[in-house]
Structure formats: structure tokens, C-alpha cells
Amino acid sequence: MEKDSRRDFLKKMGLAGFAMPMVSQFQNIKPSNKNAKKLGIALVGLGNYATNRVGVGLEQSNFWEVKGIVTGTPSKIPDWKKKWGIEDKNVFNYENFDKISKSKDIDVVYICLPNSMHREFTERAAKAGKHVICEKPMATSVEDARAMIKACEENNVKLAIGYRLHFEPFNLEIMKFGREKTFGDITFINSDFGFKIGDPTQWRLNKKLAGGGPLMDVGIYSIQATRYTTGEEPVSVSAQFGPVTDPSRFSEVEESVHYQLDFPSGVTMSGFTSYKTNVQRFNVACNDGWFELSPAFGYGPLKGKTSKGEMDLPIVQHQHAQMEGMGPLFMSDKPIPSHCSGEEGLKDMKILMAILESAENGGKKVML
Ligand code: NDP
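Residues numbered from 1 in each chain as written. Predicted model: local features only at pLDDT ≥ 70, side-chain atom pairs only at ≥ 80, totals over all residues. Heavy atoms only, no water.

Draft legend 1. Examining the packing of helix α5 (residues 142-154) against helix α10 (residues 342-360) more closely. Interhelical geometry of α5 versus α10 gives an angle of 170° and a closest axis separation of 9 Å. Our classification of the angle between α5 and α10 gives roughly antiparallel. Across from Val142, Ala145, Arg146, Ile149 and Glu153 in α5, the residues of α10 making contact are Gly342, Glu343, Leu346, Met349, Lys350 and Met353. In terms of residue class, the contact of α5 with α10 is built from 6 nonpolar, 1 polar and 4 charged. (Axes fitted to C-alpha atoms, helices over the stretch in contact; angles between N-to-C directions. Helix = DSSP H or I, 4+ residues; strand = E, 2+ residues; numbered from the N terminus. Parallel < 35°, antiparallel > 145°, perpendicular 65-115°, else oblique. Contact = heavy atoms within 4.5 Å. Nonpolar A, V, L, I, M, F, W, Y, C, P; charged D, E, K, R; others polar.)

Written out as C-alpha cells, the structure reads:
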């Protein structure tokens, strides 16, 4: 894309004014043409994230139109039909989902189901010939993540993971700081992300549906940020479960985990994640200064500081930025770029599983 049209595109997305990361996710973007056909998307699982975040992010999109829904709760259907003008033939439940193959209106499905359901619905969507965006964590095991990639490859459909922060200005800026060594070599990273979980009956506390506790749910953000800031993959991990202070809530998944990642360059990362503590920060110590985001990963507004001063960047609705960034990736003939691909999700899955393995074995170092 020419420099000016890229600037116009970013402006339209509300992302103008921040420097492009070295690993540019906008490489293949074509600016939308007002008359061009938008991509039809079906949301799968109409819970909190699909309704209050992705659904809102898709409003006034240049690239997407909500054409279908997949839900197990019939009472949710009328509101969605009214808001988006969805036709009856594009309303599915979990049993008849495979009939989505017949819908010409739907190009992509966005899976916002509990974690352990991601594999099944990615495989079924791929077999139905639909491209997939799947929420994080990609799956609840490395095996499932691999199977999802394979199913999409075999059926010649694209697979992206809903890594919204790859389209968010503050996180893009720290990627750039790390890759360009703006503050010198990174020496140490500390990142903590946790929140006080509510309803004790929710699926996030059910091992079968969630695959794990706060590590899978929000610890993944600290791991992602460490990887995209350093541009490195960890070589080993060690981890320790925190104390269980609420045995009735945390009978199946961990309440908190401390973990340490070692990187080939010698960078070490210390992380903490919890369902009992509201905390959200990403701090990077470098040879010639430092940078930090706090809050770092939530829906915002995010804030950032460096050893040279405050970060002054646009505040965006994350899911809108993500979907406007992903639209052209699904319209293009090229594969999904690695930073938000299934392979990227798989890399995180390997680290998450190694952390849980280490914690289960009393903190024994696990090589990756
Ligand atoms: P919710 O519990 O709010 O919604 C999940 C929806 O899945 C339900 O409303 C329901 O939709 C459907 N569902 C189908 N089977 C089940 C089941 N057995 N138990 C519970 N729900 C079921 O969860 P979230 O929307 O918060 O999370 C969904 C996914 O999105 C998760 O993978 C999560 O990690 C991810 N997420 C990502 C975020 C991000 O920032 N990227 C933030 C929050 C979540 P229906 O009634 O329509 O059938």
C-alpha cells in the first residue's frame, strides 16, 4: 500500500498518529472501497464477549457485517436479529451448526465459546468451508490447537486468533520499543494480570470447560506481551501455584500462579496471574531506560510511561481496531500473518501447558 493510503486507512481506523511496528500487520491491507462487498460474519456463542465487545466493535465496520448467529439460548435471538437484520436461515444452534455450510451470506465465523469448545467448533466450521476467528486461549491443550490448525489447512480456510492487542496503539508501541531497542537491550520483564472472579458457578472455574484458571484466561496476555516485545520465544519455564484461599471456588482450577520464563538472549520474565487480585501491568527494564503499561491489557483506556515520559497515543475500542485490522486479512488471498495466526495461538498453548506442568511438579524447570 502507498504511504498516504495507509495513513488514510489508519486514520479511518482511529489508529493514526502512532508509529508502525516493525512486524507490520497492515502490510497487505487494501483500503476499503465503499461499494465493495463486506465480509459476512457469524458469531458463535452470544455471551459477554461476543455481545458487549465484538458485537459493538463490528458496528460501523468498513469490512464486516453480522449475517449470522450461533447460540444455544433462543431468547437471545430476537435482539440480534433486530440489531443486524439477520435472516432466519442464518440463525443456528450448536446441533445444526454444520448447516452453515449452505449459507452463502457467511464467510467467517467468530468463535466466542468457552475454551474447551474452540476445537470442536473450529473443526466443524472448517469442514463447512468457513474461515475462522477463534478467541484466546486458542484451545485447552497443545493437541487440540494442532488439530484446529490442521482442520483449517485441510479445508483451505483461514484461521486467526482474536489477539486484539496486536491492533491496539499502546501495545503496538511497546512492540516497537522492544524490537527497535528504543531503550537499549531488554534485561528483565515483570507482568501481572489478575482480577477478582465473580459468579462461583461460571465456566471459567470449571476445568473441563476452561482448561485451567487465570493463567489460561488472562496470564496469556502477559506471555503474549513478553513474546511480542522481546521478539523471542522462551527456552524454559518454571512456575508455582499460589495458596488456595477459597477452596470451594478453586476446587478445579488454580487460584493463582507465579511463573518465570527464560529467553535465549538472557532476558528473564517474572509473571503472576490470579482470580483473587485486581492487577494489570507490564514493566520492561532495559539497559538505557524502561517502559511500562498499566493498565496494560484490559479494554482500556490503557496508559503507558517510559523513562522519557508519558506515552501519548490514541484510545481505541479494541475490538473495532482488531476487526478493522483483520477485515483486509480475510479479504486478501494471502495467508493470515503470523502474529495473529493459529500458529501463534499454538506457541502460547505450549508455554501455558509448560507453566502448568512445572507448577504441578513443584516448580521443576520445563524446557521448551
Ligand atoms: P461468557 O460466559 O460470557 O459467554 C460464553 C457463551 O458461550 C455463553 O453465553 C453461551 O452462549 C455459550 N456457551 C455454549 N456452551 C456453554 C457452556 N457449556 N457454558 C457456558 N457458556 C456456553 O464467556 P465470554 O464471552 O467471557 O468468553 C468466551 C470466550 O471469549 C472465551 O474463550 C474467553 O477466553 C474469550 N474472551 C476473550 C476476551 C478478549 O479480550 N479477547 C475477553 C473475554 C473473553 P449462548 O447462550 O449464545 O449459547
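Draft legend 2. Representation of the pairing of strand β7 (residues 186-194). The element β7 is extensively covered by neighbouring structure, given that 7 of its 9 residues are classed as buried. In this sheet, strand β11 (residues 279-286) lies alongside β7 in antiparallel orientation, the contact comprising 8 bridges. Among the inter-strand pairings, Ile186 is bridged to a residue of β11, identified as Cys286. Where β7 meets strand β10 (residues 268-274), 7 bridges bridge the pair, whose relative direction is parallel. Residue pairing across strands places Ser191 opposite Gly271, the latter belonging to β10. (Buried < 20%, exposed > 50% of the residue type's maximum accessible area, 1.4 Å probe, protein only. Pairing = 2+ DSSP bridges.)

Draft legend 3. Region of interest: the sheet that holds strand β2 (residues 64-70). With respect to topology, 6 strands assemble into an open sheet ordered β3-β2-β1-β4-β5-β6, the strand pairing being parallel. Of all the strands in the sheet, just β3 (91-92) and β6 (159-161) have a single pairing partner and so form its edges. By the bridge criterion, 4 bridges tie strand β4 (residues 108-111) to strand β5 (residues 131-134) in an arrangement that is parallel. Residue pairing for β5: Tyr110 is matched across the bridge by Ile133.

Draft legend 4. Expanded view of the environment of Val316. Counting through the fold element by element, Val316 comes out in the loop between β14 (309-310) and α9 (318-331). Classification of Val316 as buried rests on a relative accessible area of 11%. Along the primary structure Val316 and Pro301 are separated by 15 residues, whereas in three dimensions their C-alpha atoms are 7.9 Å apart.

Draft legend 5. Structural detail: the site of the ligand. Taken together, 27 residues surround the ligand, and among them Thr71, Thr73, Lys76, Tyr94 and Arg164 come closest. One nitrogen or oxygen atom from the side chain of Thr71 is found 2.5 Å from an oxygen atom belonging to the ligand. One of the side-chain nitrogen or oxygen atoms of Tyr221 is found 2.8 Å away from an oxygen atom of the ligand. Taken together, the elements giving at least two residues each to the shell around the ligand come down to α2 (48-57) and α8 (214-230). (Near = heavy atom within 4 Å. Polar contact = N/O pair within 3.5 Å; in protein donor to acceptor, adjacent residues only side chain to side chain.)

Draft legend 6. Summary view of the pairing of β11. One ladder, built from 5 bridges, connects β11 with strand β12 (residues 289-293); its direction is antiparallel. Note on β12: the bridge partner recorded for Asn283 is Glu292. What sits between β11 and β12 in their antiparallel hairpin is a turn of 2 residues.

Draft legend 7. Just unusual backbone geometry, in detail. Here the amide bond leading from Lys136 into Pro137 is cis, since omega sits at -20°, within 30 degrees of zero. Structurally, Pro137 is set in the loop between β5 and α5. Residue Pro295 is bonded to the preceding Ser294 through a cis peptide linkage, with omega at -5°. Looking at where Pro295 falls in the secondary structure, it is placed in the loop between β12 and β13 (304-306).

Draft legend 8. View of the environment of Lys81. Positionally, Lys81 belongs in helix α3 (residues 77-84). Classification of Lys81 as partly exposed rests on a relative accessible area of 26%. Contact partners of Lys81, with chain neighbours within four places excluded, come to Ile86, Asp88 and Val91.

Draft legend 9. Spotlight on the nonpolar core. Residues Val109, Leu159, Leu261 and Ile355 are the most contacted members of the largest nonpolar core, which totals 73 residues. Aside from chain neighbours lying at most four places away, what touches Leu159 is Thr122, Val132, Cys134, Met138, Met148, Ile149, Cys152, Ile336, Cys340, Ser341 and Gly342. Leu46, Phe63, Tyr110 and Ile133 belong to the second-largest nonpolar core, a separate cluster that totals 31 residues. (Core = buried A, V, L, I, M, F, W, Y, C linked by side-chain atoms within 4.5 Å.)

Draft legend 10. Region of interest: the sheet that holds β11. Ordered in space as β14-β13-β12-β11-β7-β10-β9-β8-β15, the 9 strands form an open sheet in which the pairing is mixed. At either end of the open sheet lies a strand with only one pairing partner, and these are β14 and β15 (366-367). Running at roughly 160° to β12, helix α6 (residues 169-180) makes contact with β7, β11, β12 and β13 of the sheet. Lying over the sheet, α8 contacts β7, β9 (256-262), β10, β11 and β12, oriented at roughly 160° with respect to β7.

Draft legend 11. Up close: α10. Look at α10: 27 Å from first C-alpha to last across 19 residues, which is about the 27 Å you get at 1.5 Å a residue. The first or second residue beyond α10 is Gly362, which carries a positive phi of 65°. (Expected span 1.5 Å × (residues − 1).)

Draft legend 12. Structural context of the pattern of salt bridges. As enumerated under the stated definition, the model contains 19 salt bridges in all. Across the salt bridge formed by Glu65 and Lys67, the nearest N and O atoms sit 3.7 Å from each other. Residue class for Glu65 comes out partly exposed when judged on its relative accessible area of 35%. A salt bridge links Lys89 to Glu87; the nearest nitrogen and oxygen atoms lie 3.9 Å apart. Assessed through its relative accessible area of 52%, Lys89 is described here as exposed. Taking relative accessible area as the criterion, Glu87 reaches 43% and is therefore assigned partly exposed. (Salt bridge = Lys/Arg side-chain N within 4 Å of Asp/Glu carboxyl O.)

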